[in-house]
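Below, each chain spelled out in residue letters.
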Amino acid sequence: MPSGPEFRSSAPVRLDFAGGWTDVPPFSVRESGVVVTAAIQLVAHAEVQLGGSGFRLISEDLHDQLEIADSRSLVRDGRLDLLKAGLRMLPVGGCTLTTRSDAPPGSGLGSSGALDVALVAALSAARGESPDPIEIAETACRLEAVEAGIPGGRQDQFASALGGFLRLGFRDPETEVERLKLDSGFMADLSRRIILCYTGASRFSGTTIERVMRAYERGDGKVVAALHGLRQVAEGMGRALVAADSAAVGRLLSENWRHQQGLDDRMSTPEMAQLEHRMNEAGALGGKAAGAGAGGCMFFLAPDDPSPLLEAAKEGGVRPLPVRWAMRGVYLC
């Protein structure tokens, strides 16, 4: 068993207010995507313990572990591919690499992106390197999209590495980062009034992302219009958050969700539709799916008194998750 030095890192997941999907290529290559997002205090963790001649990979969330004899066997085969990709990109020699996340599986909160960031930070520390948060985010994007071969966008890694409220502009390979400065009282009010509900693991897959983007490439009018609409909503959402305009935030959440559903017929599950109906009946100002959709989390903005929405969620059998803003991103523990 390894008995060398240990390196630990943690990175928050995110709540995407608007613009998700516009950070996904080829849209983000050909046109400028915009995402407005905020990090929340549900955290992905990575731990590297150096020592030994081989590799022991442990994912506590997936209840899976692998013993690998040497680096030649760190191959992509569907088991713990992110962990293997991290060790291929940032080799540290023999070690035990352990990961876990506070967010439930398939939550739509960007937990794989947070895991990418935590892996890069911990492995970089084990190599004696100190990349800045932007460098960590960029490396984490390459880790997932290129080394692990998992299709998707880039917002998750930047939100996780940087923390706080962000407006992110994407014109691949460039990313423009703008920190949004919200009134502290409004931030506290949002935390209290946002009801984040886990509906069960998302059934979205890389094939769905590929299908949507193939439709965009061939000029499918519905998909093209939806992507342009998502980008426009994100621009408005950034302004609404800075202006502390809760009515506009609620309206834009629902507008984003309408455009999001225009991308794919399976974006909303029956469970999500039922939850949305319950929350609207209880007085929600607006709401949307977190992340890609087709399960995972939905979040809704309550009026001043959130108790009717909390009760509606409880009656619907869904589990609310805490919403506390993470104003710093990845850090070494």
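Definitions and cut-offs
- Residues numbered from 1 in each chain as written.
- Predicted model: local features only at pLDDT ≥ 70, side-chain atom pairs only at ≥ 80, totals over all residues.
- Heavy atoms only, no water.
- 1 Å grid on protein atoms, 1.4 Å probe; cavity = no way out; pocket = protein on both sides within 12 Å on 5 of 7 lines; lining within 4 Å.
- Points joined across faces, edges and corners; volume = space filled by probe spheres on them.
- Helix = DSSP H or I, 4+ residues; strand = E, 2+ residues; numbered from the N terminus.
- Nonpolar A, V, L, I, M, F, W, Y, C, P; charged D, E, K, R; others polar.
- Phe/Tyr/Trp six-rings, centres within 6.5 Å; stacked < 30°, edge-to-face > 60°.
- Buried < 20%, exposed > 50% of the residue type's maximum accessible area, 1.4 Å probe, protein only.
- Core = buried A, V, L, I, M, F, W, Y, C linked by side-chain atoms within 4.5 Å.
- Contact = heavy atoms within 4.5 Å.

Undergrad: Before we move on, can you summarise the layout of surface pockets with the specific residues and values?
TA: Empty space within the second largest pocket amounts to approximately 290 Å³. Lining the second largest pocket are 21 residues, and of these Pro25, Ala145, Gly152, Gly153 and Arg154 lie nearest its centre. Sorting the residues of the lining of the second largest pocket by element identifies helix H4 (133–147) and helix H7 (206–217) as the ones contributing at least two each. Tallied by class, the residues present in the lining of the second largest pocket amount to eleven nonpolar, three polar and seven charged.

Undergrad: Requested: an account of the packing of aromatic side chains, with residues and values cited.
TA: Considering all chains together, one arrives at six aromatic pairs under this definition. Ring centres 5.9 Å apart and planes at 75° place the aromatic pair Phe17 and Phe299 in the edge-to-face group. With Phe17 in strand S1 (residues 6–18) and Phe299 in strand S10 (residues 297–301), this residue pair connects regions lying 282 residues apart in the sequence. By relative accessible area, which is 0% here, Phe17 ends up buried.

Undergrad: Break down the nonpolar core for me, with residues and values.
TA: Residues Val48, Leu57, Leu87 and Val92 are the most contacted members of the largest nonpolar core, which totals 41 residues. By residue number, the principal contributor to this core is helix H3 (residues 111–126), which donates nine residues. Residue contacts for Val92: discarding those within four places in its chain leaves Val48, Leu50, Leu87, Leu123, Ala126 and Arg127. Residues Leu182, Ala290, Cys297 and Leu301 belong to the second largest nonpolar core, which totals 38 residues.

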